[in-house]
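Per-entry structural report
Letter by letter, the chains look like this.
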Amino acid sequence: MRRVLLVARREWLEHRRQPAMILSMAAVLAMISGLVLFVALLMALIESQPHSKALFEENLATAGFQMQDPIPTVIEGVLSSFNFLLFTQFLGMTAVLAGHAVVHERQCGTLPFLMVAPVRRWELVLGKVLGAVGTPWLLYLVLGGGTATILALLDVTAPFAWRLPPASGWLVAFLLGGPAWSLALASAGAALSVRAHDVRTAQQGVWLVVFLASIMVGTVLGGALQEDTVFQLVVALGGLFFTALGVGAATLLLRRDIHL
Amino acid sequence: MERAAPASVVTARGLGRRVGGRPVLAGVDLDLHPGEVVGLIGPNGGGKSTLLLLLAGLLRPTQGEVRVQGLPATEVARRAQGRVGLLTADPGLYPLLTGRENLRFFGGLYGLDAAEVDRRTGPLLDELHLGAAVDRPVHTGSSGMRQKLSLARALLMDPVVLLLDEPTANLDPVSARTIWQVVRQRADRGLAVVVCTHDLVAAERLCERVLLLAGRVLQETTFPSPRGLPPVGQLFAPYQDALDRQEGP
């Protein structure tokens, strides 16, 4: 495990030396958070002023949206989108980083030197998977967790408390499900990067993985928060199972028999 | 009484490699002894780099076998930590990390902590004239600095065999000479070296044996004793002086 952490730490160190990359990832999550908070706070403001609320309903009706009480509908849509986007963007970021994991080694010319070192192939793959998850996970935890906490404090979100902390289903999905599936996608990305001999191939492969994962995993994590905690735990375990499969596949693909 | 020859560090028998059904290398026999420098010369595509990769355990032979200190070459990385040092034309370093961070990372893979890596590489970095460059990001350094760092990494674990693939390609004469100097010194202390090169003068001066490879060993030339470093010509001394003055305080 020491070598796994060594590889992961080196990846994190390289990420830290690329602030533009970290800023890009942070910008995606910050934009989601900013938009969601803006709409939620606006709804809270409208809700607190009867005159504004009446005007809002009237304007919606003029626009063709006849609703008895539109604010909860808007809030539900906002929270649903927030969770879906938070999970899918986190998964996507890790998959993209891991999708370049071994391609990056080939570009740096370091692969032969890793292969002559006493690091096992699974250690190298797992280290790269953890390395890919680390930075996006920190951003997801701070920006995603912070936004969800602020949203949970607003009265307008109370009817949908199960979509936010401290609902147990949300906590399990956020703290276990998201990270577990990001590991799974990172391991799929790593496996793709072993076989990809150039960045373009890696990018297209990762794009496919991200597309499929957004539809399937994003829906399960974000859309099934109303299910009980056990369901979310099973989803998280599923993520860990697929991580093991992905790491195993990447290890088998990463042959010591390489060409320089 | 006749003195017994030292045991071979590397033994290759009937070594061959096919790529896509086409033979790249065939029937190579090699015994490499401690302190011996063996040169591999030949045309591009002649199998020099392939032979080096086979010796490093980075390619599996399709015929024959390679053993390093009795172990199959492909097992050496896992079972005989750091017994084989490798240096290729591409230095193979992480460009965003400093030289020292690179050395510490690779040392860590061999179980060395940062202090031990620094202790082991300190004198070597001085020998290689790396100085403060080791604490700068690798991508800001010259080709010579990267190649010297790569040599420091190759020697980090005190290997018994050093495999060099075009180690001085694209280097200025001063950097190239520094690398040859360190390699020769280590060989004099018992390190076995195999070096692929197109520099025939360097091969002739540095090697005890030179194999001409073109898919197989066409010719083997033996030199009874080392003849020192490659000659540098009249331009070298003023060139080095000028560089030293420029680098001054």
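Residues numbered from 1 in each chain as written. Chains lettered and ligands numbered in written order. Predicted model: local features only at pLDDT ≥ 70, side-chain atom pairs only at ≥ 80, totals over all residues. Heavy atoms only, no water.

Re the nonpolar core
Formed by 154 residues in total, the largest nonpolar core has its most connected members in A:Leu151, B:Leu40, B:Leu109, B:Leu151, B:Leu162 and B:Leu163. Broken down by element, this core gets its largest block of residues, 13 residues, from helix α4 (residues 70–99) of chain A. Not counting the four nearest positions on each side in its chain, B:Leu162 is found in contact with B:Gly85, B:Leu86, B:Leu151, B:Ala154, B:Leu155, B:Val183, B:Leu191, B:Ala192, B:Val193 and B:Val194. (Core = buried A, V, L, I, M, F, W, Y, C linked by side-chain atoms within 4.5 Å. Buried < 20%, exposed > 50% of the residue type's maximum accessible area, 1.4 Å probe, protein only. Helix = DSSP H or I, 4+ residues; strand = E, 2+ residues; numbered from the N terminus. Contact = heavy atoms within 4.5 Å.)

Some details on the environment of A:Val230
Within the secondary structure, A:Val230 is located in helix α10 (residues 229–253). When the C-alpha positions of A:Val230 and A:Ser168 are compared, they lie 9.7 Å apart, and in sequence the two are 62 residues distant.

Here we look at the interface of chain B and chain A
A common way to express how large an interface is: the accessible area buried when the components associate. Taken together, the contacts link 33 residues of chain B with 27 residues of chain A. Between chain B and chain A lies a buried interface of about 2,800 Å² when both sides are counted; carbon and sulfur atoms form 67% of it. The largest per-residue losses of area from chain B upon contact with chain A belong to B:Leu58, B:Tyr94 and B:Leu109, which jointly make up 24% of the total buried on that side. Applying the counting criterion to the chain B and chain A interface returns one salt bridge. A salt bridge links B:Glu101 to A:Arg17; the nearest nitrogen and oxygen atoms lie 2.8 Å apart. Inspection of the region where chain B meets chain A yields six residue pairs in polar contact (both at pLDDT 80 or more). (Buried area = accessible area lost by both parts, 1.4 Å probe. Salt bridge = Lys/Arg side-chain N within 4 Å of Asp/Glu carboxyl O. Polar contact = N/O pair within 3.5 Å; in protein donor to acceptor, adjacent residues only side chain to side chain.)

Section: the pairing of strand β1 (residues 10–19) of chain B
On a regular strand, each side chain points to the face opposite its neighbour's, so the side chains alternate between the two faces of the sheet. Residues and elements named next belong to chain B. Bridge count between β1 and strand β2 (residues 22–32): seven bridges; the pairing is antiparallel. Each residue of the ladder has a partner; that of Leu15, found in β2, is Val28. In sequence, β1 turns back onto β2 through a hairpin of two residues, with Gly20 there showing a positive phi of about 60°. Judged from the five bridges that link them, β1 and strand β4 (residues 63–68) form a sheet pairing that is antiparallel. In the strand pairing of β4, Arg13 is matched with Glu65. (Pairing = 2+ DSSP bridges.)

A closer look at empty space enclosed by the protein
Applying the stated criterion to the full structure yields three cavities of 30 Å³ or more. Along the walls of the largest cavity sit twelve residues, with A:Val116, B:Val84, B:Tyr110, B:Arg153 and B:Ala154 positioned nearest its centre. For the lining of the largest cavity, the secondary structure elements donating two or more residues are β6 (84–87) and α5 (143–155) of chain B. Counting residues per element, the lining of the largest cavity draws most heavily on β6(B), at three residues. (1 Å grid on protein atoms, 1.4 Å probe; cavity = no way out; pocket = protein on both sides within 12 Å on 5 of 7 lines; lining within 4 Å. Points joined across faces, edges and corners; volume = space filled by probe spheres on them.)

Notes on the side chain of B:Arg186
Turning to its location among the elements, B:Arg186 is positioned in helix α6 (residues 173–188). Beyond its immediate chain neighbours, meaning those up to four positions away, B:Arg186 contacts B:Leu124, B:Glu127, B:Leu155 and B:Leu191.

Some thoughts on the pattern of salt bridges
This structure, assessed with the given rule, holds 23 salt bridges over all chains. Here A:Arg10 ties to A:Glu14 by a salt bridge, and the two come within 2.5 Å at their closest N and O atoms. Taken together, the residues span about one helical turn, with A:Arg10 and A:Glu14 both in helix α1 (residues 2–16) at a distance of four residues. Taking relative accessible area as the criterion, A:Arg10 reaches 3% and is therefore assigned buried. The partner of B:Arg67 in a salt bridge is B:Glu65, and the shortest N-O contact between them spans 3.4 Å. With relative accessibility at 32%, the residue B:Arg67 sits in the partly exposed group. The exposure class assigned to B:Glu65 is partly exposed, which follows from its relative accessible area of 39%.

Quick word on helix α2 (residues 19–48) of chain A
All names here are of chain A. Here α2 spans 41 Å end to end across 30 residues, near enough to the 44 Å set by a 1.5 Å rise per residue. Within α2, the full set of buried residues consists of Met25, Ala26, Leu29, Ile32, Ser33, Val36, Leu37, Ala40, Met43 and Ile46. Packed against the buried residues of α2 are α3 (50–62), α4 and α7 (121–153). (Expected span 1.5 Å × (residues − 1).)

Comments concerning the pairing of strand β3 (residues 37–41) of chain B
All names here are of chain B. Of all five residues in β3, five are buried; the element is thus mostly enclosed. Because side chains alternate across β3, one face comprises the buried residues Val37, Gly39 and Ile41, and the other comprises Val38 and Leu40, equally buried. Where β3 lies against strand β8 (residues 192–196), four bridges are found, and the strand directions are parallel. For Leu40, the partnering residue across the bridge sits in β8 and is Cys196. Of the strand pairs in this sheet, β3 and strand β9 (residues 209–213) are connected by four bridges, and their pairing is parallel.

Concerning the sheet that holds strand β7 (residues 161–165) of chain B
All names here are of chain B. The strand order across the open sheet built from six strands is β6-β7-β8-β3-β9-β10, with neighbouring strands paired in mixed fashion. In this open sheet, the two edge strands, each paired with only one partner strand, are β6 and β10 (217–222). On average, adjacent strands in this sheet sit at an angle of 15° to one another, irrespective of strand direction. Inspection of the sheet shows β6 paired to β7 by four bridges, in the parallel sense. The partner of Gly85 across the bridge, within β7, is Leu162. (Axes fitted to C-alpha atoms, helices over the stretch in contact; angles between N-to-C directions.)

Considerations on the environment of A:Val103
Residue and element names in this part refer to chain A. Mapping Val103 onto the fold places it in helix α5 (residues 101–108). Considering only alpha carbons, one finds Val103 and Val194, 91 residues apart in sequence, at a separation of 6.9 Å. The contact partners of Val103, leaving out residues within four places of it in the chain, are Ser193, Ala196, Asp198, Val199 and Ala202.

Quick word on a nonpolar patch on the surface
Where nonpolar side chains cluster on the molecular surface, the patch consists of A:Leu208, A:Phe211, A:Leu212, A:Ile215 and A:Met216 and spans about 510 Å² of accessible area. Structurally, A:Phe211 can be placed in helix α9 (residues 199–223). (Patch = residues over 30% accessible without salt bridge, like charges linked within 9 Å, V, L, I, M, F, W, Y side chains within 5 Å. Areas by Shrake-Rupley, 256 points an atom, 1.4 Å probe, with all protein chains shown as cover.)

Points about unusual backbone geometry
Across the junction of A:Pro165 and A:Pro166, the peptide omega takes the value 5°, indicating a cis bond. Structurally, the position occupied by A:Pro166 is in the loop between α7 and α8 (168–195). Positioned with a positive phi, B:His129 is a non-glycine residue whose angle comes to about 55°. Mapped onto the elements, B:His129 comes out in the loop between α4 (114–127) and α5. With phi around 45°, B:Glu166 is a residue other than glycine that occupies positive phi space. On the secondary structure map, B:Glu166 appears in the loop between β7 and α6. For B:Glu166, a relative accessible area of 17% gives the class buried.

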